[in-house]
Amino acid sequence: MQTIIQKLDNEERLNENEANKLWDFDLFTLGKYAQKIRTKLHGKKVYFNINRHINPTNICADTCKFCAFSAHRKNPNPYTMTHEQIMNIIDETVQRDTKEIHIVSAHNKNTSWEWYLEIFRMIKQKYPFLHIKALTAAEVDFLSRAFNMSYEQIIEKMLEYGVDSMPGGGAEIFDEEIRKKICHGKVSGQNWLKIHKLWHEKGRQSNATMLFGHIEDRKHRTNHMIRLRELQDQTGGFNAFIPLVWQQDNSFITNKKPLGSVEILKTLSIARIVLDNIKNIKAYWATMGINLAMVAQDFGANDLDGTIEKESIQSAGGAKSANGLNLKTFIELIQSSGYVAIERDSLYNELKTY
Ligand code: V47
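Residues numbered from 1 in each chain as written. Predicted model: local features only at pLDDT ≥ 70, side-chain atom pairs only at ≥ 80, totals over all residues. Heavy atoms only, no water.

Spelled out, the test is: UniProt positions are given in the numbering used here, feature names are shortened, and annotations may be inferred rather than shown by experiment.
If you check an unreviewed UniProt entry, the protein chain appears there as Aminodeoxyfutalosine synthase from Campylobacter insulaenigrae. Quoted verbatim from the Catalytic activity (unreviewed entry) heading of the UniProt record, the comment on the protein chain is "3-[(1-carboxyvinyl)-oxy]benzoate + S-adenosyl-L-methionine + H2O = 6-amino-6-deoxyfutalosine + hydrogencarbonate + L-methionine + H(+)". Within the UniProt record for the protein chain, the comment given under Sequence similarities (unreviewed entry) is "Belongs to the radical SAM superfamily. MqnE family."

Written as structure tokens, this is what we have:
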């Protein structure tokens, strides 16, 4: 432990073995080091954006055990939006100064590749200023298998039709043994990383998530972070790391373990320490609750995602995020926590200081 403390004091990188030992530290020691890094990078700034989440379909070829969003016997209401429905949402949301459209779908075999591309084309044609963050690496992998195209071909089309950046979903936990148990048949951890690498090689940016609090151990979380750090060393393309707290309702995982706030904050702090090459750590309020997300700003996080407006994936699992958060509440909560609220764009350029 002493050598690890020395390394932390000297701001030296920890290897995986050393990073695994961080879990033995108490929360406040981890928080102290995480906060030192956060303050050096961002001072008292807390970033958020004005965004709209859209989940165009919940019909899914995969059966991930942790998921409550896709249509199955616990959530028997399959839907696929028409392009007109999607554009109605966009027309409405631009009136609220939305800058980013975050589009994540289930893996629907009944749609065509053109159905996806047309969503992007229509949005960009009418509102070229909107940033489209769309298609997780899990969707790219699904589309490549469903429509017999290579990852490179899919990425070329994403660029051609106006996708600006990729969301971090589908990463879950990279460890293949865990994936076999919770999301068998979906993109492998290796291919998730490969797809983001290809995207970064096009000069584009993306995010990375980690779903935790289900059947994984702490060592799987550390390994997940180390694998992201390795890719980031090569490409520098990740904007943010987003640890997603698993929402337990309506899922098919039976041996549910409770996950407390201390473990969540430890995970965020360790992420801030280990991921020394990813600038932003998001406390995604939709999965940890807005109040804990505020506390997380004292444990290494510097970003809150956004106002979201409508959220279907985590709220299906029990999160209180279905209707987003209004801007005024967001700003007041940040300010009353002693931080400076900064509206950012999707690539972390600062737009407005409140
Ligand atoms: O990959 C599914 C997760 C992800 C549950 O890039 C769940 O800025 C918690 O991609 N409890 C999709 N999580 C969401 C996603 C995302 C979200 C926020 C920000 C960004 C970003 C990307 O949602 C999936 C999966 O890991 N998920 N079910 C659940 N019950």
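Re the overall build of the protein chain
Rules: A run of DSSP states H or I qualifies as a helix once it reaches four residues; a run of E qualifies as a strand once it reaches two. Both are numbered from the N-terminal end. Here the globule rule is a power law, 2.2 Å times the number of residues to the power 0.38, and the radius of gyration is based on C-alpha atoms. Relative accessibility under 20% of the residue-type maximum defines a buried residue, over 50% an exposed one, and the middle range a partly exposed one, all with a 1.4 Å probe and only protein chains included. In this charge count, Lys and Arg are treated as positive and Asp and Glu as negative; neither His nor the chain ends contribute. Every charge is mapped onto a representative atom, which is NZ of Lys, CZ of Arg, CG of Asp or CD of Glu.
Regarding its fold elements, the protein chain presents 15 helices and 10 strands. Relative to the compact-globule value of 20 Å for 354 residues, the protein chain shows a C-alpha radius of gyration of 19 Å, a close match. The buried share of the protein chain, taken over its 354 residues, is 58%. Taking the average location of the 46 positive side-chain charges in the protein chain and that of its 42 negative ones, the two points are 2 Å from each other.

A look at the pattern of salt bridges
Note the following rule: The working definition used for a salt bridge is a side-chain nitrogen of Lys or Arg within 4 Å of a carboxyl oxygen of Asp or Glu.
In total, this model carries 28 salt bridges according to the counting rule given. As a salt-bridge pair, Glu201 and Lys197 come within 3.3 Å of each other at their nearest N and O atoms. Highlighted residues: Glu201 and Lys197, both in helix 9 (residues 189–201), separated by four residues, approximately one helical turn. On the basis of relative accessible area, Glu201 is assigned to the exposed category, the value being 52%. Salt bridges sharing partners connect three or more residues here, namely Arg52, Glu92, Arg96 and Glu309.

A word on helix 8 (residues 176–183)
Stated formally: Each direction from the helix axis to a C-beta atom contributes to the arc, which is the arc of those directions. Residues are treated as being in contact if the distance between any of their heavy atoms lies within 4.5 Å. We define a polar contact as two N or O atoms separated by no more than 3.5 Å, with the added condition that, inside protein, one atom must be a possible hydrogen donor and the other a possible acceptor, whereas residues neighbouring each other in sequence contribute only through side-chain atom pairs.
For helix 8, the full list of buried residues reads Ile178, Arg179, Ile182 and Cys183. Considered in projection along helix 8, the buried side chains sweep an arc of 100° and stay on one side of the axis. Contacts made by the buried residues of helix 8 are with helix 9 and helix 10 (218–235). One side-chain oxygen of the residue at the start of helix 8 lies 3.0 Å from the amide nitrogen of Glu177, identifying that residue as Asp175. Immediately downstream of helix 8, the backbone of Gly185 shows phi near 95°, a positive value.

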